[in-house]
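# A look at the structure
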Amino acid sequence: MKTNSISIDGQQITFREGQTIIQAALEAGIYIPYLCYHPDFEAHGSCKVCTVRVNGSHCSACTTFASDGQVVDNHCEDLNSSRRAITQMLFVEGNHLCPSCEKSGDCELQALGYYLKLFGSHFPHLFPHREVDATHPHILLDRDRCIFCELCVRASREVDQKNVFAISGRGIDSELVVNSPSGTLLDSGLDVNDKAAHVCPVGAILIKNQAFQVPIGQRKYDKNRIDDADLIEVKHDHIDS
Amino acid sequence: MSTEQQSASNPEQLRRVVIDPVTRVEGHGKVTLLLDEDNHVKQARLHIVEFRGFERFIQGRPYWELPLLVQRLCGICPVSHHLAAGKAIDQLVGVDQLTPSADKLRRLLHFGQVLQSHALHFYYLASPDLLFGFDSAMSKRNILGLLEDYPDLALQGIKLRKFGQEVIRMVTGKRIHGSGAIPGGMNKSLTVEERDYLLKDVDDAINWSQAGVKLASDIHLADAAFNNTFASIESGFMSLVGSGGELELYHGGLRGTDRAGNSVFDHFDYRHYHDIIHEEVKPWTYMKFPFFVPLGMDDGWYRVGPLARINLCDVITTPAAEQARFAFKNQAGHEAGAAVQSSLAFHWARMIEILHCAESIKTLLHDPDLLGNDLVVTGEKQLEGIGVIEAPRGTLFHHYEINEDDIVVKANLIVSTTSNNQAMNESVRQVAARYLDGQQLTEGLLNYIEVAIRAYDPCLSCATHALGKMPLQVELLDADGQLLHRLVKNSQGEVRE
Ligand code: SF4
């Protein structure tokens, strides 16, 4: 008999037809760590942080549909250890100076680091040379902190209908580029009210002149761990819609 | 240093050895003593590597990051850099005058910082030596030794520092590296609970500070003849002063005197500091040598910090500290009104400032503006900003230029220790000239050099060790530049050739 239920770490939850594992889990109040997933956008499956074990095989929870009777492992040491390594790689592949970063406390990468008990970078820092684009009067693009989640790319394309951002290059040489004649934000058509200007989960795309208006200590992840904070948000989204 | 390294079979356990550049420098203070043909100490050179690359580090960043970014430039007084950068950035956003609430919150923060920094220096780093003597057993030379013999005093020092740190925490939300100053103001005020929390200890803090002033002056006067001549040099002084010539730590005009006490400039608008201060570069060190332009390189060097401030101000606005200043300036055997030149008097002056901070904190805490919510002013963007404050160790300059896109293109910082650079060299030379016997360095001389350097409370990593444990390397060179002798002391206080 069809029950529309799966088990995650031994807990039975129900799902609605067409939901992915991560959607069902978050709705049921179970946190699966992620970075490139966003409830407003089609799943991307690129960051691999949400990797879970489904009936013994590794899958991205954001791209795998829930189906009856799945047995999902989520919080176990080996998966969290891989998630930790992925997060550490993201830190060393960019230039993340959290102490002076205005996103600190509101940043998903940093909050995930805390959640995964990431206390060191483990891998050698690559210190890449990446350009800051400050040409836009209201928006700053700091590529040093980009984690290639492509949320801005998706937001610009799908919501703003503008296609301002793209990822160019491959692997370690990937770079967030701007589709404009000058290659900078100045003539890109990006508007301060665009979704793409606000969707960045880290401190790569920022609205200018707002830094530190909210004191350190009173920010989103200062108050709640990422598993709590995001669940609260998802629930609100769900209730609102 | 070693770090965890990955391997297939044992993913988290292998170790990788990395040479950490910080360990390589190792925070050793390095001093070279140069002899002349007659084997007299001609010059002392304190080699400092700490302040390289500040400016490069900041360039290319958006200006609003500066108050947080610069806190990391120096782990010793982050709040001072935070506030100096904050003041410079006010100018970048075209703000000359903060709201009363923002101004007073910043002042409160600054008083907390100066108080805790001075308490750390006096009680933890300096007083064990001052109380037990420079040659006392190493085991006594830290706050634990102090706790044993002077339990009340040491506890007061610990509590005083804690109080300063709590002021910082209440204003910025964190004990170290909080936010606070933002362009044109502050990002939070105090709640009634936060204010009351600080109020409950403020009278104690004043009493402890008063005891501290007494202790510092007793120590100094107990052997005034020695203390007034040890590492004593004749120098000019510089500090901010308020519009009425009063002691001012947060904002004012620059006052500078020559070594005879004559005015070189007064109430000078620090935004034009380039007209009166230039920095000389010398081939043997990365640290620059600032000097007063009107006096030239040779005569224009000066001292900053507590001694300069207490010497230069005409009055202190809080009563107990003013009394203490009066006693300091009129101490027996000292020409009334003249500048006190003794380097060891820095300690006494520092304690007078602690008292001033504690009294000022109390006054501010009773001011309802601290609870106000009118915190930010906006203005027209400017491309240049200069912020100056009196940091615990002396006048601190932050100077930034930005481009139209808000990115820092140029930065110049003059930290207090740089201003005291020449004076520290001179003090070390004086000590070496007095105590060097023949061509052999001795452990005693190393200790004296350390005491001379430490009087300035320099923001050097070597100076953050307890007294007697400053990692120090001293080299003695003859007139031809040949090495005659070298002694090295590590951070355990052990001395080797
Ligand atoms: S973007 Fe996030 S992780 Fe990166 S520096 Fe800023 S706070 Fe840290």
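Since the model is a prediction, treat every value here as computed from it, not as a measurement. (Residues numbered from 1 in each chain as written. Chains lettered and ligands numbered in written order. Predicted model: local features only at pLDDT ≥ 70, side-chain atom pairs only at ≥ 80, totals over all residues. Heavy atoms only, no water.)

## Thoughts on the sheet that holds strand β14 (residues 394-402) of chain B
Residue and element names in this part refer to chain B. Taken together, three strands build an open sheet; the order of strands is β13-β14-β15 and the sheet is antiparallel. Strand pairing shows two members of the sheet lacking a second neighbour, β13 (384-391) and β15 (408-414), which therefore form its edges. Averaged over all neighbouring strand pairs, the angle between strand axes comes to 10 degrees, with direction disregarded. Bridge analysis of β14 against β15 gives six bridges, and the strand direction is antiparallel. (Pairing = 2+ DSSP bridges. Helix = DSSP H or I, 4+ residues; strand = E, 2+ residues; numbered from the N terminus. Axes fitted to C-alpha atoms, helices over the stretch in contact; angles between N-to-C directions.)

## Quick notes on the environment of M186 of chain B
Residue and element names in this part refer to chain B. Here M186 lies in strand β6 (residues 185-186). For M186 and N39, which are 147 residues apart along the polypeptide, the C-alpha to C-alpha distance reads 57 Å. Look past the residues within four positions of M186 in its chain and what remains in contact with it is A102, L105, R106, V171, G180, A181, L375 and V376. (Contact = heavy atoms within 4.5 Å.)

## What about the interface of chain B and chain A?
In this assembly, 23 residues from chain B lie in contact with 23 residues from chain A. Across the pair D142 of chain A and R61 of chain B runs a salt bridge, and its minimum N-O distance is 2.5 Å. For the pair chain B and chain A, the number of links is eight residue pairs in polar contact (both at pLDDT 80 or more). Of all the elements in the fold, those that place two or more residues in the side of chain B that touches chain A are β1 (2-5) and α3 (66-69) of chain B. Here the side of chain B that touches chain A is composed, by residue class, of seven nonpolar, six polar and 10 charged. (Salt bridge = Lys/Arg side-chain N within 4 Å of Asp/Glu carboxyl O. Polar contact = N/O pair within 3.5 Å; in protein donor to acceptor, adjacent residues only side chain to side chain. Nonpolar A, V, L, I, M, F, W, Y, C, P; charged D, E, K, R; others polar.)

## Considerations on the pairing of β13 of chain B
Residues and elements named next belong to chain B. Within β13, seven of the eight residues are buried, which leaves it mostly tucked inside the rest of the structure. By the bridge criterion, eight bridges tie β13 to β14 in an arrangement that is antiparallel. Bridge pairing in β14 places E390 opposite T395. Connecting β13 to the antiparallel partner β14 that follows it, the hairpin turn spans two residues. (Buried < 20%, exposed > 50% of the residue type's maximum accessible area, 1.4 Å probe, protein only.)

## Considerations on the environment of L34 of chain B
All names here are of chain B. Inspection of the secondary structure puts L34 in strand β3 (residues 29-35). Residues L34 and G481, 447 residues apart in the sequence, show an inter-C-alpha distance of 7.5 Å. Discounting residues that sit within four places of it in the chain, L34 has contacts with H40, V41, K42, Q43, R45 and L477.

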